[in-house]
Amino acid sequence: MKITKIDTLLSGKRYLFLKIHTDTDLVGIGECGAWCYQEATAACVRTMEKLLIGRNPLDIEFINTGLMRAMHFRGSIIQAAISGIDIALWDLKGKYYGVPIYELLGGKVRDKARIYVNYKGDTCEELARKAVLLKKQGYTAIRYSMGHETDEKGRGTESFTRVVKRMEKQLQAIRGAVGGDMDIAIECHRGMKPAEAIACGKILEKYNPYFYEDPIPDNPLAMERLISQVDIPVAMGERFINLMEFDQLMTETKVAYIRPDLCLAGGITAGKKIAALAEAKQIYVIPHNPLGPVSTAACLQLDACIPNFEIQEYPVDSEGKCRLDEQMKEPFLFQDGFIRIPDGPGLGIELVEGIETRFPFEGLYGKFYLQDDGSIMDR
């Protein structure tokens, strides 16, 4: 079997799927994760295609290592392209042998993966109301976004005291609405300074948050100072792009959970290695997954076969409905807060035909987030 071509499919606000074709009837599907740079990533995939035509797609470790080491420079766009290719190669290999990917990675250790869903709200009341709605739909874990106060120009206005008070009011309202049996995580999106994040962490401890995600920008030394001063489990790593960054994070900090994005950090090949490093340190894995059905399926295949899986991020709309269902021929099976691990060959899913035309590409290009003095805030 040999690779004959790679197609890239831009779709929706931020999806980049790809298909690896072979000289047989088998086609593997992948997804790339540099969500704000998908057109550039697609161009990168087309460049890499030149190195892959005629190669055996079953040689996944050789191809992954070659692409990692042959590009000379590293970066999110390159890593996203490698990741999408890697996922498609694993899908192909599973289809070739007629087994799920997890069988090729040592076999599954679980039949289903617990999930959490993310949501937002403009007020404490809205956050509490939506949390109750999600609980009624069967979700047992949620993650809310802390958000950021802005003025009429969209600029951030919060002082140290205001952000601490607002964070407490939010979690107090959500915990009061759903009770003590639901896991509640906090998505900070690197939105605080270390001093703010430490103060917030201390005051939120009494509400028993599940984890505190990305309270500050990605700096292991600063994160370790924060972790040493709060008693909330910290999760981070969604922007990390290779094995070495995760190793540094887990060596230099007492992070409780790591968040590899399989569509950015090197695909399933890298994900299995990252999880193994974490397992040796008793660190648990929460795969980052804000993207599409291929990303979700790849995460579930990894979740199935790693002992130190914690919980899976699952993308839904503002009302708790999975936004992936219309993009797949068969939806994932959800029940009582869990998703069944797909048992079909490869990733175990199929995209709807013509996904790039059914869901035309819009692009998501981000923006500058400003403080009230005009300076940039990290997002």
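For the structure itself, consult the block above.
Presented here is a report on the structure given in the accompanying data block. (Residues numbered from 1 in each chain as written. Predicted model: local features only at pLDDT ≥ 70, side-chain atom pairs only at ≥ 80, totals over all residues. Heavy atoms only, no water.)

Description of the overall build of the protein chain
- When helices and strands are tallied, the protein chain shows twelve helices and 13 strands.
- Since a compact globule built from 379 residues should have a radius of gyration of about 21 Å, the 21 Å found for the protein chain is in line with a globular shape.
- Overall, the C-alpha framework of the protein chain stretches about 60 × 45 × 45 Å when taken along its three principal axes.
- Expressed as a percentage of the 379 residues in the protein chain, the buried residues total 54%.
- Expressed as a percentage of contacts within the protein chain between residues at least 6 apart in sequence, the contacts between residues at least 24 apart total 70%.
- Surface exposure of the protein chain reaches about 16,300 Å², of which carbon and sulfur atoms provide 51%.
- With 47 positive and 53 negative side-chain charges, the protein chain shows a separation of 2 Å between the mean positions of the two kinds. (Helix = DSSP H or I, 4+ residues; strand = E, 2+ residues; numbered from the N terminus. Rg over C-alpha atoms; globule rule 2.2 N^0.38 Å. Buried < 20%, exposed > 50% of the residue type's maximum accessible area, 1.4 Å probe, protein only. Contact = heavy atoms within 4.5 Å. Areas by Shrake-Rupley, 256 points an atom, 1.4 Å probe, with all protein chains shown as cover. Lys, Arg positive; Asp, Glu negative; His and termini not counted. Charge placed at Lys NZ, Arg CZ, Asp CG, Glu CD.)

Some words on the packing of helix H6 (residues 160-178) against helix H7 (residues 194-204)
- The contact between H6 and H7 brings their axes to 9 Å, and the two run at 35°. Note that H6 runs across H7; the crossing there is right-handed. Mapping the contact onto sequence places Phe160, Val163, Val164, Met167, Glu168 and Leu171 in H6 and Ala195, Glu196, Ala199, Cys200, Ile203 and Leu204 in H7. (Axes fitted to C-alpha atoms, helices over the stretch in contact; angles between N-to-C directions. Left-handed = near helix turned anticlockwise from the far one by under 90°.)

Things to note about unusual backbone geometry
- In this structure, Arg190 is a non-glycine residue whose phi angle is positive, near 60°.
- With respect to the helices and strands, Arg190 occurs in the loop between strand S6 (183-187) and H7.

Digging into helix H8 (residues 220-227)
- With six of eight residues buried, H8 lies mostly within the body of the structure.
- Buried within H8 we find Pro220, Ala222, Met223, Glu224, Leu226 and Ile227.
- On the buried face of H8, the contacting elements are H7, strand S7 (212-213), strand S8 (234-236) and helix H9 (243-252).
- N-capping of H8 is provided by Asn219, with a side-chain oxygen placed 3.0 Å from the backbone N of Leu221. (Polar contact = N/O pair within 3.5 Å; in protein donor to acceptor, adjacent residues only side chain to side chain.)

Looking at the sheet that holds strand S1 (residues 3-11)
- Ordered in space as S1-S2-S3, the three strands form an open sheet in which the pairing is antiparallel. Edge positions in the sheet fall to S1 and strand S3 (27-32), since each of these pairs with one other strand and no more. For this sheet, the mean angle separating the axes of adjacent strands, direction not counted, is 20°.
- Helix H3 (residues 76-97) rests against S1, strand S2 (15-22) and S3 of the sheet, and its axis sits at about 150° to S3. (Pairing = 2+ DSSP bridges.)

A word on helix H5 (residues 124-136)
- The terminal C-alpha atoms of H5 lie 19 Å apart, and with 13 residues this matches the ideal 18 Å at 1.5 Å per residue to within 8%.
- Among the residues making up H5, those that are buried are Cys124, Leu127, Ala128, Lys130, Ala131 and Leu134. All buried residues of H5 fall inside an arc of 165° around its axis, so they share one side. Exposed residues on H5 whose side chains face more than 90 degrees from its buried face are Glu125 and Lys136.
- Those residues of H5 that are buried are in contact with strand S4 (112-119), strand S5 (141-145) and H6.
- One or two steps after H5, the chain reaches Gly138, where phi turns positive at roughly 105°. (Expected span 1.5 Å × (residues − 1). Arc of directions from axis to C-beta.)

Overview of the pairing of S3
- In terms of burial, S3 is a largely internal element, five of the six residues being buried.
- Bridge count for S2 against S3 is six bridges, and the pairing is antiparallel. Its bridge partner lying in S3, His21 is registered against Val27.
- Between S2 and the antiparallel strand that follows it, S3, lie four residues.

Some points on the nonpolar core
- Met167, Tyr212, Ile258 and Leu347 are the most contacted members of the largest nonpolar core, which totals 112 residues.
- The greatest single-element share of this core, amounting to ten residues, is contributed by H3.
- Of all hydrophobic cores here, the second largest spans nine residues; its members include Ala185, Phe211, Ile286 and Ile311. (Core = buried A, V, L, I, M, F, W, Y, C linked by side-chain atoms within 4.5 Å.)

Re the pattern of salt bridges
- For the structure shown, the criterion picks out 26 salt bridges.
- Residues Glu61 and Lys273 are paired through a salt bridge, measuring 2.8 Å at the closest nitrogen-oxygen approach. With Glu61 in helix H2 (residues 60-70) and Lys273 in helix H10 (residues 267-280), this pair connects stretches of sequence that are 212 residues apart.
- Judged by its relative accessible area of 35%, Lys273 falls in the partly exposed class.
- Taking the shortest distance from any N to any O, the salt bridge between Arg239 and Asp378 comes out at 3.5 Å. Placement of Arg239 in the loop between S8 and H9 and of Asp378 in the segment after helix H12 (355-358) is noted, with a sequence separation of 139 residues between them. (Salt bridge = Lys/Arg side-chain N within 4 Å of Asp/Glu carboxyl O.)

Structural notes on the side chain of Asp91
- You can see Asp91 is positioned in helix H3.
- In contact with Asp91, other than residues within four places in its own chain, are Val27, Gly28, Ile29, Ile101, Pro345, Gly346 and Leu347.

Description of the packing of H3 against H10
- As a packed pair, H3 and H10 sit with axes 6 Å apart at the nearest point and diverge in direction by 90°. Viewed along their axes, H3 and H10 adopt a mutual orientation that is roughly perpendicular. For the pair formed by H3 and H10, the contact residues are Ser83, Asp86, Ile87 and Trp90 on the first element and Gly267, Ile268 and Thr269 on the second.
- Class assignment of the residues belonging to the contact of H3 with H10 gives a composition of three nonpolar, three polar and one charged. (Parallel < 35°, antiparallel > 145°, perpendicular 65-115°, else oblique. Nonpolar A, V, L, I, M, F, W, Y, C, P; charged D, E, K, R; others polar.)

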